[in-house]
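For reference, the chains in residue letters:
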Amino acid sequence: MVSLAIGPKGRETVLGPTSETSGGMSTDLRDVAIIGSGFAGSLIASSLAEAGMDVVLIEAGLPVEDERHVRQGRRETFANSDEAEIFAPYADLLPPQDREHKSEYFIQGATGPDRFEGQYLRLAGGTGLAWLGTALRMCPNDFRMRTTYGRGQDWPISYADLEPWYCMAEEAIGVAGSPEADLSLNSSRSKPFPMPAIPQSYTDQYAIARIKGLQFASKEIRIVPTPQARNSIDGYNGRPLCEGYSSCVPLCPVGAKYDPLVHLRRALLRGAELLAGAVVSKLDSSNDGRITTAWFVDSDGSTGSLQARIFVLAANGIETPKLLMQSNHQHAAGLANESGLVGCNLMDHAEKHSWAVVPDPIFAYRGPQSTSGIEILRDGPFRRDRAAFRTALRNDGWRNVNGAPYGDGALSSAAVGGTLIGLIDQQGLIGEHLFNAVHSIGLRQFALQSVIEMLPDPSNLITLSSEKDRLGLPRPEIHFRLDKYSRDGIAAAARLHREIFRALRCKQTAFAIHMQDDRTASDAGGSHIMGTTVMGNHPKTSVVDANCMAHSHKNLFVAGSAVFPTGAAANPTLTVCALSLRLAEYLKNTMHTR
């Protein structure tokens, strides 16, 4: 087992085995044990450690060196790798069971044609090392979907309850933005963004000038700067100014984009401890329901344990319910599962991708992968009938859409037109003709990416597979399908894409709306893993309460997007951060009672 500590000048140092955690029972009682070191775990650890609490984080993956030259080296690894994008820079740091299975670590249940496409990293900092940086607030109606539109569930908290925490989260992770994205959705704000918006790209400005007056779903379409957690001011929170790399997913090579290592480092500097390479296998509880012990296993199969007054599960929407269900040695259905809803209501964001060749050069592949989007369609009366969505304008040409420049051979022939596969196989171009076509199209590549909401559905769920991983633990099995509500949202997004391409005066033969034969299928997963331990007011209909505390275990809390009752159309990260800061404050205020 390894632990991560702070060496000279704040540098992270990997230490050898500690007597406390190597194959035995820990005799120390910690104040707080946090399982997972991503956005939620790192923010909570930093806040509690600053308040003087004895905090330990338990992380399945390994520590990440966070120096600029190391980041640049990982960018080169990514550029030259044929691994799946999210894993490419970090393959050497993944737990052995993840290295073996990659994105297919979980089992896809045989429930229909839909596949769950979400991916996640298990390493210090979690999937936050590979996010794009989009930091949107949810809008007020997202918290009251059942009341307003008769769909999904209401949250036990409101936008007004979370608004001050949104402000704190924007300050904590450093969000650059303008109020336009919020005002169009009646999302009031009590504080301005910490930094001005990242400048809109030439591609953004080109589209803005040409879609003026475009109407869709009874709304005027406007392209506004996307709030994002990357520095538009050099030095904010110790991070450098964004240098415009187009590799934000899977990593920012200079550290301008926020990632959880920022607060993980602060937590360690304030005395928290990180146990890395430790996969928690089960939790023990006492007769009165309190969680007493976390048992973990390392890569060589040795086990250890740790005791704490408070336990916070901050793994993610798959690993958190999996751990609760694995802890079935004292409770047949696992922990916190009196409602039978642990693992249920799994959500992600469906995606609609489309590409076009615009009439003029727009010089793609510069700047962050997306700097602007269409937010106004995230809410409206149409949500009674079909899903809401937001649409991002891509700055990275067609790479995210159809695998340009080479092309994705798994897509339909129309979807890869203009890529090397299309130009060679479909048009038979070679030599100078091929070169000229690639040059001309490369300058004029334009792509749209819509993120579509899903409703909670108890039949979309995670169970424990009979198949074991290398540590002898059950692999998660996922049962997942898209319902008509989401598919109708995908179809609506496709119609918007077509209208935008027409407004840009793209030729009918110079764009593709559908990436696959099933026109209402999701083109990708957002890797926004939500639901599975939802919050609510009643123990029979939820897993945790409005303070993220398990109804039946008064010292067990769940952090992260697993508690979301509904998914909305906004990327979930800022809401995760706001809820985490709120939970940290609750723990500080109630610690003396636990």
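Residues numbered from 1 in each chain as written. Predicted model: local features only at pLDDT ≥ 70, side-chain atom pairs only at ≥ 80, totals over all residues. Heavy atoms only, no water.

S.K.: Summarise the environment of Q205; cite the residues concerned and give the values.
M.R.: With respect to the helices and strands, the residue Q205 is situated in helix 7 (residues 202–210). When the C-alpha atoms of Q205 and A79 are compared, they prove to be 29 Å apart, with 126 residues separating the residues in sequence. (Helix = DSSP H or I, 4+ residues; strand = E, 2+ residues; numbered from the N terminus.)

S.K.: How would you explain the sheet that holds strand 13 (residues 350–357) if you had to name every residue and give the values?
M.R.: Strands sit in the order 8-14-15-16-13-19 across an open sheet of six strands; the sheet is antiparallel. The strands lining the two open edges of the sheet, one partner per strand, are strand 8 (224–225) and strand 19 (511–512). In this structure, strand 15 (residues 389–394) lies alongside strand 16 (residues 445–452), joined through six bridges in antiparallel fashion. Counted as the bridge partner of F389 is I452 from strand 16. Along the sheet, helix 7 contacts strand 14 (370–374), strand 15 and strand 16; its crossing angle with strand 15, the most-contacted strand, is approximately 120°. The strands that helix 13 (residues 484–503) touches are strand 13, strand 14, strand 15, strand 16 and strand 19; relative to strand 16, the one it contacts most, it runs at about 155°. (Pairing = 2+ DSSP bridges. Contact = heavy atoms within 4.5 Å. Axes fitted to C-alpha atoms, helices over the stretch in contact; angles between N-to-C directions.)

S.K.: Mind laying out the packing of aromatic side chains, listing which residues take part and the relevant values?
M.R.: Centre-to-centre distance and the angle between the planes together describe a pair of aromatic rings. Counted according to the given criterion, the structure contains 13 aromatic pairs. The interplanar angle of 45° and the centroid separation of 5.3 Å between the aromatic rings of F501 and F511 together place this pair among those described as tilted. Residue F501 is located in helix 13, and its partner F511 is located in strand 19; the two are separated by 10 residues in the primary sequence. With respect to class, F501 is no different from F511; both count as buried. Through a chain of ring-to-ring contacts, three or more aromatic side chains come together here, namely F143, W155, Y159, Y166 and F564. (Phe/Tyr/Trp six-rings, centres within 6.5 Å; stacked < 30°, edge-to-face > 60°. Buried < 20%, exposed > 50% of the residue type's maximum accessible area, 1.4 Å probe, protein only.)

S.K.: Let's hear about the pattern of salt bridges: which residues, and what values?
M.R.: Evaluation of the coordinates by the stated rule reveals 34 salt bridges. The partner of R71 in a salt bridge is D66, and the shortest N-O contact between them spans 2.7 Å. Overall, D66 belongs to the partly exposed group, its relative accessible area being 24%. For R222, the salt bridge identified is with E180, shortest N-O distance 3.1 Å. In this pair, R222 sits in the loop between strand 7 (219–220) and strand 8 while E180 sits in helix 6 (residues 180–183), placing the two residues 42 residues apart along the sequence. For E180, a relative accessible area of 30% corresponds to the partly exposed category. Within the structure, one salt-bridge network assembled from shared partners comprises R137, E163, E170, D182 and R189. (Salt bridge = Lys/Arg side-chain N within 4 Å of Asp/Glu carboxyl O.)

S.K.: Account for the pairing of strand 10 (residues 279–285), with residues named and values stated.
M.R.: The buried fraction of strand 10 amounts to six of the seven residues, a majority that puts the element mostly inside the structure. In terms of strand pairing, strand 10 meets strand 11 (residues 291–297) through six bridges, oriented antiparallel. Note on strand 11: the bridge partner recorded for D284 is T293. Remark: five residues form the turn of the hairpin made by strand 10 and strand 11, two consecutive strands paired antiparallel; G289 in that turn has positive phi of roughly 95°.

S.K.: Outline the nonpolar core, listing residues and values.
M.R.: Core analysis: the biggest nonpolar cluster contains 154 residues, and I34, I221, L283, V312, F446, I500 and L504 have the highest contact counts within it. The residues touching I221, leaving out its near neighbours within four places in the chain, are I211, L214, F216, I374, I376, L377 and L496. Counting 15 residues, the second largest nonpolar core, distinct from the first, contains V401, A447, A510 and M515. (Core = buried A, V, L, I, M, F, W, Y, C linked by side-chain atoms within 4.5 Å.)

S.K.: I'd like a rundown of the sheet that holds strand 17 (residues 461–468), residues and numbers included.
M.R.: Spatially, the three strands line up as an open sheet ordered 5-18-17, and their pairing is mixed. One side of each edge strand has no neighbouring strand; the edge strands of this open sheet are strand 5 (107–108) and strand 17. Sheet analysis places strand 17 next to strand 18 (residues 474–479), joined by five bridges and oriented antiparallel. Along strand 18, the bridge assignment pairs L464 with P476. On top of the sheet, helix 9 (residues 319–326) reaches strand 17 and strand 18; it is set at about 65° to strand 17, its chief contact.

S.K.: So what about the packing of helix 1 (residues 39–50) against helix 14 (residues 573–590)? Which residues, and what values?
M.R.: It is at 9 Å that the axes of helix 1 and helix 14 come closest, and there the two elements cross at 35°. Read as a crossing pair, helix 1 and helix 14 show a hand that is right-handed. Residues F39, A40, L43, I44, S47 and L48 of helix 1 form the contact with helix 14, whose own contacting residues are T573, V576, C577, S580, L581, L583, A584, L587 and K588. Broken down by class, the residue content of the contact of helix 1 with helix 14 amounts to 11 nonpolar, three polar and one charged. (Left-handed = near helix turned anticlockwise from the far one by under 90°. Nonpolar A, V, L, I, M, F, W, Y, C, P; charged D, E, K, R; others polar.)

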